[in-house]
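Analysis of the macromolecular model
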Amino acid sequence: MGLLDILLGRTKPVVPDLDQLFALPSAAVTLEAAAGFVPTGQGAVCFATVEGSAFDQTHREVQALLDADTDRTGPPVRLLRDGYGYSWLVSQRTPDQLSLLVNDLHAVNSAMEVNGFGPQLLCSLAGFEETGTGGAESGADGSGRRLALVYLYKRGSFYPFAPLPGGGQRRDNPLELQVKATLANDLRIEQDLSRWFPVWGAPGL
């Protein structure tokens, strides 16, 4: 099964439920208390790369909508393309503005849907980092481990993705399973582990 099959959930179609994103702030409280991870303030929406004037117009609409938010203190929404050819609309907030970040992610997904780009939507994610001063499991720069809570658009479910520090495409499977158990009552966790696709190159990770 390829990336698009996994992220799009083609084997079991589910009606997208973007309101599931609003469960992230309460899940973040649980995650910090149980595992010591706090929001980074960065989130992104991933989609199959789209070319053409219709998407350019949608991008401008999304950027104007989010940049008009008077509470925004970070940089404007950015459009990036990763090494695998997928596109990301990235929003940066302060770490204590997770609710506003979730609003951004919801708005981006909704705008893509309304403008006919729902089939291209793959996933959304919010970034987290481990608190503390580092140690054996920390990155080379002394920072804590990184974690993303990834929302699968076509599945309406979440999964944790935790790349191991130090570079290379290795993931912290024990941490991911720990987070799965920790957030079982906060988020609709994707139970099919084969759909926990590694989002290497995702913004913020």
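Residues numbered from 1 in each chain as written. Predicted model: local features only at pLDDT ≥ 70, side-chain atom pairs only at ≥ 80, totals over all residues. Heavy atoms only, no water.

1. Some remarks on the pattern of salt bridges
Put simply, the rule reads: The working definition used for a salt bridge is a side-chain nitrogen of Lys or Arg within 4 Å of a carboxyl oxygen of Asp or Glu. Numbered from the N terminus, helices here are DSSP runs of H or I no shorter than four residues, and strands are runs of E no shorter than two. The cut-offs for exposure are 20% and 50% of the maximum accessible area for each residue type, with area from a 1.4 Å probe on protein chains only; residues under the lower value are buried, those over the upper are exposed, and the others partly exposed.
Tallying each qualifying case throughout the model produces nine salt bridges. In this structure, Asp17 and Arg188 form a salt bridge, with 3.9 Å as the shortest nitrogen-oxygen distance. Of this pair, Asp17 sits in the loop between α1 (3-8) and α2 (24-35) while Arg188 sits in the segment after α5 (173-182); the two residues are 171 residues apart in sequence, bridging distant segments of the chain. Here Arg195 and Asp192 are joined by a salt bridge, their closest N and O atoms 3.4 Å apart. Taking relative accessible area as the criterion, Arg195 reaches 3% and is therefore assigned buried. On the basis of relative accessibility, which here comes to 31%, the residue Asp192 falls in the partly exposed class. Connected through shared salt-bridge partners, Glu130, Arg145 and Asp172 make up one network.

2. Points about the state of the cysteines
Let me state the cut-off plainly: By convention in this document, the label disulfide applies to cysteine sulfur atom pairs within 2.5 Å.
Applying the stated criterion to the full structure yields zero disulfides. Unpaired in this structure, Cys46 has its nearest cysteine sulfur neighbour in Cys123, at a distance of 4.6 Å. Taking the relative accessible area as the measure of exposure, Cys46 reaches 3% and is therefore buried. The buried category is assigned to Cys123, whose relative accessible area is 2%.

3. Topic: the packing of aromatic side chains
Selection rule: Ring pairs are drawn from Phe, Tyr and Trp, using the six-membered ring of Trp, whenever the two centres fall within 6.5 Å, and their geometry is named by plane angle: stacked under 30 degrees, edge-to-face over 60, tilted for the rest.
Summed over the entire model, instances satisfying the criterion amount to five aromatic pairs. Geometrically, the ring pair formed by Phe55 and Phe117 is edge-to-face, given 5.8 Å between the ring centres and 90 degrees between the ring planes. On the criterion of sequence distance, the pair formed by Phe55 in helix α3 (residues 53-67) and Phe117 in the loop between α4 (98-114) and β4 (121-130) is long-range, its members being 62 residues apart. Exposure class is identical for Phe55 and Phe117. Each is buried. An aromatic cluster of three or more residues is present, and its members are Phe47, Phe55 and Phe117.

4. Comments concerning the packing of α2 against α5
Put simply, the test is: Under this scheme, a helix contributes an axis fitted over its contacting stretch, all axes are lines through C-alpha atoms, and angles between N-to-C directions fall in the 0 to 180 degree range. Here roughly perpendicular refers to angles of 65 to 115 degrees, roughly parallel to angles under 35, roughly antiparallel to angles over 145, and oblique to all remaining angles. Helix crossings get a hand from a simple test, with the near helix turned counterclockwise from the far one by less than a right angle marking a left-handed crossing and a clockwise turn marking a right-handed one. Contacts were defined at the residue level, with two residues in contact if any of their heavy atoms lie within 4.5 Å. When residues are sorted by character, Ala, Val, Leu, Ile, Met, Phe, Trp, Tyr, Cys and Pro go into the nonpolar class, Asp, Glu, Lys and Arg into the charged class, and all the rest, Gly among them, into the polar class.
It is the contact of α2 with α5, at a shortest axis distance of 10 Å, that shows an interaxial angle of 125 degrees. Overall, the two elements α2 and α5 adopt an arrangement that is oblique. Handedness of the α2/α5 crossing: right-handed. Residues Thr30, Leu31, Ala34 and Ala35 of α2 lie in contact with α5, whose contacting residues are Gln178, Val179 and Thr182. Residues that form the contact of α2 with α5 fall into these classes: four nonpolar, three polar and no charged.

5. Structural notes on α2
For the record, the criterion: How far a helix is expected to stretch is found by multiplying one less than its residue total by 1.5 Å. The arc in question is formed by the directions pointing from the helix axis toward the C-beta atoms.
The end-to-end C-alpha distance of α2 is 15 Å, a good match for the 16 Å that 12 residues give at a rise of 1.5 Å each. The complete set of buried residues in α2 reads Leu24, Ala27, Ala28, Leu31 and Ala35. Around the axis of α2, the buried residues are gathered within 105 degrees of arc, so they sit on the same side. Counted as exposed and oriented over 90 degrees from the buried face of α2: Val29 and Ala33. Tucked inside the fold, the buried residues of α2 contact β1 (37-48), α4, β4, β5 (146-152), β6 (157-161) and α5. Count one or two residues on from α2 and you reach Gly36, which has phi positive near 75 degrees.

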